[in-house]
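Here is what each chain is made of, one letter per residue.
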Amino acid sequence: MPAKQLEASVRQEPGGAVLDLRGEINGFAPQEALDAAYAEAEAKDPEAILLNFEGVDYIDSTGIFLITRLLAKARASKRRLLAYGLSDHYVEIFDITRLSDFVSVFPDEESALSEASVS
Amino acid sequence: VTAPRSGARRNLADFTLPSVPGNERRAMEEVATAVSGLGLPERTLERLKTAVAEATMNAMEHGNRYNPEVPVKIQVWRLEECLLVRIVDRGGAPPPSPNAELPDLEAKLEGAQSPRGWGLFLIKNMVDEMRVSGNPDHHTIELVINLKREDDAG
């Protein structure tokens, strides 16, 4: 089964920068591309960055490591990190790893942006 | 590798995979296909798939050093009250300790703990029981899903 390599792009929304993720977040994910996309998301100094997982169909332990790195960057710059579009299974994994203690998880973009806008 | 002895048992799958990055996805899908007739709840199936993928990745990486000529062996057994997935590599080093330091996200964020090290933790949390054993020739990890409880829940 060929891996669907991670792709990341950024768009600016009124509530914050949205990092659209597509593919698999695993050992095949190009860390540099993820870092570059995150840097682009930070460029306009948003209060919040939203991770859009709607296009992500697989996350493994290396993916958890990569998401933790993004969280560490967000904390270092006192920026909120929000997530949406996770399947129930990955919401559970966010809970088990305690990522959800630090990354607010929402079902969709509308609710995530709404939360980002009011905070 | 010997067959489990307890109770009525049925072998659902028995296959090997070369130790090549990405083959954990093949292991995951083949195990999912093997158990498709058991009617596992979706949540249980997703948890099993993650556990199998992580355990296979560990076996290929740490056990077989990603040597494509050294296979990982995977067996799936339907026992009387549980589902057993057994993953065997040919690592010679001591098997990973199931009691290794628990990953602590806060410590990882503060740099006090390696940012990696989620695999074994995920496996343990995805199944009802995880057993690790080994000898100088191989490591074995067994993943157990209690089917009785699934029946009761369903």
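No experiment lies behind these values; they were computed from the predicted model shown.

Here we come to the environment of B:N11. Residues and elements named next belong to chain B. Within the secondary structure, N11 sits in strand β1 (residues 10–18). Note on N11: relative accessible area 36%, which makes it partly exposed. A C-alpha to C-alpha distance of 4.6 Å links N11 and W77, two positions 66 residues apart in sequence. Once you skip the residues sitting within four places of it in the chain, N11 turns out to touch V76 and W77. Engagement of the side chain of N11 in a polar contact is seen with the backbone oxygen of A13, the distance being 3.1 Å. Separated by 3.1 Å, the side chain of N11 and the backbone oxygen of V76 make a polar contact.

Quick look at the confidence of the model for chain A now. Considering every residue of chain A, the mean pLDDT works out to 94; 97% of them sit at 70 or more. Of all helices and strands in chain A, the one with the weakest mean pLDDT is helix α5 (residues 109–118) of chain A (91), whereas helix α3 (residues 88–96) of chain A scores best (98).

Right, let's get into the pairing of strand β3 (residues 48–59) of chain A. All names here are of chain A. For β3, the tally of buried residues reaches nine of twelve residues, placing the bulk of the element in the interior. Bridge count between strand β2 (residues 16–25) and β3: eight bridges; the pairing is parallel. Opposite V18, over in β3, you have L50 as the bridge partner. Handedness of the β-α-β unit built from β2, helix α1 (residues 31–42) and β3 comes out right-handed. Bridge analysis of β3 against strand β4 (residues 80–84) gives five bridges, and the strand direction is parallel. Within β4, the residue paired with L50 across the bridge is L82.

What counts and what doesn't
Residues numbered from 1 in each chain as written. Chains lettered and ligands numbered in written order. Predicted model: local features only at pLDDT ≥ 70, side-chain atom pairs only at ≥ 80, totals over all residues. Heavy atoms only, no water. Helix = DSSP H or I, 4+ residues; strand = E, 2+ residues; numbered from the N terminus. Buried < 20%, exposed > 50% of the residue type's maximum accessible area, 1.4 Å probe, protein only. Contact = heavy atoms within 4.5 Å. Polar contact = N/O pair within 3.5 Å; in protein donor to acceptor, adjacent residues only side chain to side chain. pLDDT = per-residue confidence, 0-100. Pairing = 2+ DSSP bridges. Right-handed = clockwise from strand over helix to strand, strands pointing away.

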